[in-house]
Amino acid sequence: MTIPFLDLGAAYAELGEELDAELVRVARGGRYLLGEELLAFEREFAHSVGARHCVGVATGLDALTLTLRACNVGAGDDVLVPSNTFIATWLAVTATGARPVPVEPDASTRNVTEAGLEAAVTPATRAVVPVHLYGRPADTSAISAWAHGRSLLVLEDAAQAHGAVVGGRPVGSFGVPAAWSFYPGKNLGALGDGGAVTTDDSELAERLRLLRNYGSRVKYVHEVSGVNSRLDELQAAVLRVKLRRLAEWNSRRQEIAELYVAKLVDTGLVLPSLPGQGEVFSWHLFVVRSPQRDALRARLRALGVETLIHYSTPPHVQPVYASGPWKSGDLPVAEELAATVLSLPIGPHLTLASAHLVAEAVKRATQELAG
Ligand SMILES: *Cc1c(COP(=O)(O)O)cnc(C)c1O
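Computed from a predicted model, the values in this text were never measured in an experiment.

(A) Broad picture of the overall build of the protein. For the protein, the count of helices and strands is 12 helices and 12 strands. The C-alpha atoms of the protein give 21 Å as radius of gyration, which agrees with the globular expectation for 371 residues (21 Å, within 12%). C-alpha atoms of the protein, sized along the principal axes, occupy 70 × 55 × 40 Å. Per-residue burial for the protein yields a buried fraction of 54% across its 371 residues. For the protein, the share of sequence-separated contacts (at least 6 apart) that also reach a separation of at least 24 residues comes to 69%. Summing over all exposed atoms, the protein offers an accessible surface of approximately 15500 Å²; the carbon and sulfur share of this is 54%.

Structure (structure tokens):
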């Protein structure tokens, strides 16, 4: 028997006829873009994160890129980004013509802090994009206060943080724009690509609505050089159904995380810490660290447990940035994390019984490696 890392088919099956009925209803309705489903989802999602506006777009990458563009970030600007994030955070900056400036994270939370930002900031810095990595929220209040003093834009990369809370406030409710991804594997995932920006700023929301739709408000009148990046009606309908399950699915992830932490405490692995007062983690991923990561992964595979690595190569040493100023060794925290992190199965598909089997397999594998 193999326990998959993530089984999206099982999550779909759990929704049963409710989701099927919505898909058929929207398909028969004959309106597929910029219609009622999108408006309803935008309203519901904005409400759920505590923001005034939501603008649906085609992907999380577009949510980041278009927000930076809408805020006039571009050539000549520097943008602070975590050194240990998924490549999209960096690519969004690059797509605007601005320069990504890596910020080393705190090794235990894996998120950026004010101290890291302070060490990385440059005279040309215009914006900072904190990432709530693996669903553990970065301290948006502290980061915003730091950025505010320097007149920098803050854009939360919330692609892994649907439903996360920090300082008692949901990610997305801090009065700074947040970019969301609805890639199928995310905590709130579509049946294909999707993304959104939430914001309290009505002018920013309006600019995003222009940019996502060919720069057009009135059909065939094009005010700015926009793109085609829309969240379609079918995906919006899917997301409306799934949004109603998000809290329940996230609390199952929390239970799995608690089980893993309790069972793996004596394995010698570096474990993520559980949320503290005023915090909810979305547990997009449950990531442990081991100096013997690759051997551990191979043993787990042999024991029937599928694991993944998020992420094995940091952005600064990816081929796309080969002509950039960085070389291997320049960002030791990100490089150490990349060499040691391992993601265990977690998700709404995973029963506590299966999580228990995963934990037993991890214990056995670590014992074998030690002995
Ligand atoms: C998934 C992800 C994105 C990009 O989202 P897409 O919808 O795949 O374009 C951006 N940032 C982070 C941290 C992500 O995990």
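(B) Broad picture of the nonpolar core. Judged by nonpolar contacts, the single largest core of 27 residues is most densely connected at Leu 68, Val 73, Val 79 and Leu 208. Elements with a minimum of two residues in this core: strand E1 (53–57), helix H3 (60–70), strand E2 (78–82), helix H4 (87–96) and helix H7 (202–212). In terms of residues, this core owes the most to one element, H3, which gives 5 residues. Other than its neighbours up to four places away in sequence, Leu 208 contacts Val 55, Leu 66, Thr 67, Ala 70 and Val 197. Listed in part, the 26 residues of the second largest apolar core include Ile 256, Phe 281, Leu 350 and Val 358.

(C) Main features of the sheet that holds strand E5 (residues 153–154). In space, the 4 strands of this open sheet follow the order E3-E2-E4-E5, with parallel pairing throughout. The open sheet is flanked by strand E3 (99–103) and E5, the only strands paired with a single partner. Inspection of the sheet shows strand E4 (residues 125–128) paired to E5 by 2 bridges, in the parallel sense. Paired with Val 128 across the two strands is Val 154, which belongs to E5. Across the sheet, H4 lies against E2 and E3, angled at about 170 degrees from E2, the strand it touches most.

(D) Broad picture of H7. Here H7 has its buried residues at Leu 204, Ala 205, Leu 208, Leu 210, Leu 211 and Arg 212. Residues of H7 that are buried make contact with helix H2 (36–49), E1, H3 and strand E10 (195–199). Put simply, Asp 201 is the residue that caps the front of H7, since its side-chain oxygen is 3.0 Å from the backbone nitrogen of Glu 203.

(E) Fine view of the side chain of Thr 89. Among the secondary structure elements, Thr 89 is positioned in helix H4. With a relative accessible area of 2%, Thr 89 lands in the buried category. Within the structure, Thr 89 has its side chain in polar contact with the side chain of Asp 157 (distance 2.9 Å). Thr 89 has contacts with Leu 64, Val 81, Pro 82, Val 129, Val 131 and Asp 157, leaving out every residue within four places of it along the chain.

Conventions used here
Residues numbered from 1 in each chain as written. Predicted model: local features only at pLDDT ≥ 70, side-chain atom pairs only at ≥ 80, totals over all residues. Heavy atoms only, no water. Helix = DSSP H or I, 4+ residues; strand = E, 2+ residues; numbered from the N terminus. Rg over C-alpha atoms; globule rule 2.2 N^0.38 Å. Buried < 20%, exposed > 50% of the residue type's maximum accessible area, 1.4 Å probe, protein only. Contact = heavy atoms within 4.5 Å. Areas by Shrake-Rupley, 256 points an atom, 1.4 Å probe, with all protein chains shown as cover. Core = buried A, V, L, I, M, F, W, Y, C linked by side-chain atoms within 4.5 Å. Pairing = 2+ DSSP bridges. Axes fitted to C-alpha atoms, helices over the stretch in contact; angles between N-to-C directions. Polar contact = N/O pair within 3.5 Å; in protein donor to acceptor, adjacent residues only side chain to side chain.

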